[in-house]
Amino acid sequence: MTLHVEHKEEITEKEIETFYNVCKSSINTEVASYLEACVRCGLCAEACLFYMGENISGRIDPTLTPAYKADLLRDIYKENYTLWGRIKKTLGLGVKIEPEDLKEQVRLAFYTCTMCDRCTKVCPMGIDTPRLVSIVRSALTSAGLVPEDLAEATNTAVEKGSPLGVDVPTFLSRIDFISDEWEVEIPVDQKADYLYIPSSIELMKYPSSVASTAKVLNHLGVSWTLSTKAHEATNFGLFTQSKEVTRELLRRILEGAKELGIKTIIAPECGHAYQSMRFVAPNVFPREWDFEVLNVVEFLYRMLEEGKLKLSKKVIDQITLHDSCQIGRRGGVLKEPREVLKLIAEEFKDSVEFPEKNICCGGGGGVVVEHEADYHRQKAFLAKAELFDKVGVKNVACYCANCMLALDRSSRELNRDYRFLSLVDLVAEAIEEEGE
Ligand code: SF4
Ligand code: SF4
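Residues numbered from 1 in each chain as written. Chains lettered and ligands numbered in written order. Predicted model: local features only at pLDDT ≥ 70, side-chain atom pairs only at ≥ 80, totals over all residues. Heavy atoms only, no water.

### Let's talk about the sheet that holds strand S6 (residues 345-348)
Rules: Strands are labelled as partners when DSSP assigns at least two bridges between them. For the purposes of this entry, the term helix denotes a DSSP run of H or I that reaches at least four residues, the term strand denotes a run of E that reaches at least two, and both are numbered from the N terminus. Helix axes use the C-alpha atoms of the stretch in contact, all axes being lines fitted to C-alpha atoms, and the angles between their N-to-C directions lie in the range 0 to 180 degrees.
If you walk across this open sheet you meet the 4 strands as S6-S5-S7-S8, and the pairing is parallel. For this open sheet the edge positions go to S6 and strand S8 (419-422), each flanked by a neighbour on one side alone. Pairwise comparison of adjacent strand axes, ignoring direction, gives a mean angle of 45° for this sheet.

Structure representation (structure tokens):
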């Protein structure tokens, strides 16, 4: 078992062999049915934000089609599991992989796919492309071909406890700072019902959302705490598709939560953190993972429904919403942020007719930390910006700090003037207004 992921510059026969073997051994009946079912209709192309972004710029790039991202995996499948593929191999006409092909796989699987799942929703055959891309990522990771920035962040998370290097002393001093600056009490390592786990993106870049969550929890009077053992919500094991890293980072949360007698974990404004704790953890620890997991927006909505939270003040005039793919489309939390925004904004203008078809921020799946992916992230943002412009609203509420970071960055790089706002910040403001 290794908890270290590698970024190798040189690709030799050994890396190619590892890549091939991991792809081959990952093909089960589910994966085979996806690989067989593609009818090359091309419908998924128009659903992928990377393809759409290029299109908006007047360029058609067929390599950004979701179906194409699984093509090498499909070739490996055919070579091993179809009669014609096996005959071709016997005749010396089998799959030939060159180092350049693996570099292209890195671009396709790591830089131009955020695992947003939008393409799955339009595919008439129900093909789960992110599942196929995750196999390609896992094979590249096994071969030591993780993009440099992503490898560094993942290894830092394992070694220091957070991808941004937030170790326990840094975590505690940051919490002290937030507590002083926003004048809010923040309990740490207390026995409690609720464990709130922030992400280090919030701690370091958007600390107000940590303060806001604390204010709301205090306002509600629930028994809650932070944990030094479980102080980081993100899980870069999902981005690198390293089972070992995923398990190790979840194990820390499991132990921290158990120690404090936690019943419910409140996942922060972070999409993949929600995915990992809500959906992955119960499969990794089927017996021990005995917690309810709620995203902070789900929690707020539950409190509203139970009448424990009242929001009647408007804190912003016009606003639209960016959905986190992992909390919204994949997690099903789509109604909740909309209902909250309707209460606290003078006018909520939805940019999408069908919320599950909202467009990704362009930085999910680890893309935002990869500098080599900047070009693609910016192009993808054009597809997103079209939605904001369609409703003519500059204020955009977000419920994922990673989305906010990606959107903020792309917007500034492309000289746009949208304002991205944390949803929990707006709620905390509405509560303060109530109390005035
Ligand atoms: S999961 Fe999202 S980013 Fe990846 S291929 Fe599908 S639509 Fe594109
Ligand atoms: S929409 Fe589905 S069937 Fe059509 S090309 Fe894409 S993956 Fe293949």
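### As for the site of ligand 2
Selection criterion: Here a residue is considered near a molecule or strand provided that any single heavy atom belonging to it is located within 4 Å of it. In the scheme used here, Gly and all other residues not listed as nonpolar or charged are polar, with Ala, Val, Leu, Ile, Met, Phe, Trp, Tyr, Cys and Pro taken as nonpolar and Asp, Glu, Lys and Arg as charged.
With respect to spatial proximity, the complete set of residues near ligand 2 consists of Cys38, Val39, Arg40, Cys41, Gly42, Cys44, Ala67, Cys123, Pro124, Met125 and Ile127. Its residues assigned to classes, the shell around ligand 2 shows 9 nonpolar, 1 polar and 1 charged.

### Quick word on the side chain of aspartate 61
How we decide: Exposure categories follow from relative accessible area, calculated using a 1.4 Å probe and restricted to protein chains: below 20% of the type maximum is buried, above 50% is exposed, and the middle band is partly exposed. As used in this structure description, the phrase polar contact means that two N or O atoms lie within 3.5 Å; if the pair is within protein, one of them must be able to donate a hydrogen and the other to accept it, and residues adjacent in sequence are counted only when both atoms belong to side chains. For this analysis, residues touch if any pair of their heavy atoms sits within 4.5 Å.
Turning to its location among the elements, aspartate 61 is positioned in the loop between helix H3 (49-56) and helix H4 (71-81). The exposure class assigned to aspartate 61 is buried, which follows from its relative accessible area of 9%. At 2.6 Å, the side chain of aspartate 61 forms a polar contact with the side chain of threonine 63. Ignoring anything within four residues of it in the chain, the contact list for aspartate 61 reads Tyr51, Glu54 and Arg107.

### Overview of the packing of aromatic side chains
To be explicit about the condition: Stacked, tilted and edge-to-face are the three classes assigned to paired rings of Phe, Tyr and Trp, where Trp is represented by its six-membered ring and a pair needs centres within 6.5 Å; plane angles under 30 degrees give stacked, over 60 edge-to-face, the rest tilted.
On inspection of all chains with the given rule, the structure shows 11 aromatic pairs. Each ring, one from tyrosine 194 and one from phenylalanine 299, has its centre 5.3 Å from the other, and the planes form 70°; the classification is edge-to-face. Of this pair, tyrosine 194 sits in strand S1 (residues 194-196) while phenylalanine 299 sits in helix H16 (residues 296-305), and the two are 105 residues apart along the sequence. Chaining the aromatic ring pairs together yields one cluster made of Phe381, Phe388, Tyr418 and Phe420.

### What to know about helix H1 (residues 13-25)
To be explicit about the condition: Helix span is expected to be 1.5 Å times the residue number reduced by one. The directions considered for the arc are those from the helix axis to the C-beta atoms.
Relative to the 18 Å expected for 13 residues at 1.5 Å per residue, H1 spans 18 Å between its end C-alpha atoms, a close match to the ideal helical length. Taken together, the buried positions of H1 are Glu15, Ile16, Phe19, Tyr20, Val22 and Cys23. Down the axis of H1, the buried set is contained in an arc of 165°. They therefore lie on one face. Turned more than 90 degrees away from the buried face of H1, the exposed residues are Glu13, Lys14, Glu17 and Ser25. Structurally, H1 contributes buried residues whose contacts are with H4, helix H5 (83-90), helix H6 (99-111) and helix H8 (129-142).

### Digging into the state of the cysteines
Cut-off, in case you're wondering: In this description, a disulfide is simply a cysteine sulfur pair whose atoms lie within 2.5 Å.
On inspection of all chains with the given rule, the structure shows 0 disulfides. Between cysteine 360, a cysteine without a disulfide, and cysteine 325, which holds the nearest cysteine sulfur, the sulfur-to-sulfur distance is 4.0 Å. A relative accessible area of 3% places cysteine 360 in the buried class.

### Thoughts on a negative patch on the surface
What counts is decided by this rule: The patches reported here contain residues having more than 30% relative accessible area and no salt bridge. Joining distances are 9 Å for like charges and 5 Å for nonpolar side chains (Val, Leu, Ile, Met, Phe, Trp, Tyr). Shrake-Rupley sampling with a 1.4 Å probe provides the accessible areas, and residues are treated as covered by the protein chains on show and by no other component. Within this document, salt bridges are pairs made up of a side-chain nitrogen of Lys or Arg and a carboxyl oxygen of Asp or Glu, the two lying within 4 Å of each other. Under the counting rule used here, the positive set is Lys and Arg, the negative set is Asp and Glu, and His together with the chain ends is not counted. Note that the charge is assigned to NZ on lysines, CZ on arginines, CG on aspartates and CD on glutamates.
Residues Glu9, Glu148, Glu152 and Glu372 make up a contiguous surface patch of negative charge. Mapped onto the elements of the fold, glutamate 152 is located in helix H9 (residues 148-160). When its relative accessible area of 53% is taken as the criterion, glutamate 152 is described as exposed.

### Considering the environment of glutamate 292
Mapped onto the fold, glutamate 292 is located in strand S4 (residues 292-295). Overall, the relative accessible area of 31% leaves glutamate 292 in the partly exposed class. Setting aside its immediate chain neighbours within four residues, glutamate 292 contacts Lys263, Thr264, Ile265 and Arg302.

### What to know about the domain arrangement of the protein
Many structure descriptions define interface size as the accessible area lost when the parts assemble. Put simply, the rule reads: Marked domain ranges trace back to an automatic or database domain assignment. Put simply, buried area is the surface a 1.4 Å probe can reach on two separate parts but cannot reach once they are joined, added for both.
You can read the domains of the protein as domain 1 (13-146), domain 2 (161-304) and domain 3 (309-435). Put simply, the middle of domain 1 and the middle of domain 3, counted by C-alpha atoms, are 30 Å apart. Counting residues at the interface gives 24 residues for domain 1 and 25 residues for domain 3. Across the interface of domain 1 and domain 3, roughly 1,900 Å² is buried in total on both sides, 62% from carbon and sulfur atoms. Sorting the residues of domain 1 by area buried against domain 3 places Leu49, Tyr111 and Arg118 first, and these three jointly supply 29% of that buried surface. Across the salt bridge formed by arginine 330 and aspartate 117, the nearest N and O atoms sit 3.8 Å from each other. For the pair domain 1 and domain 3, the interface holds 7 residue pairs in polar contact (both at pLDDT 80 or more).

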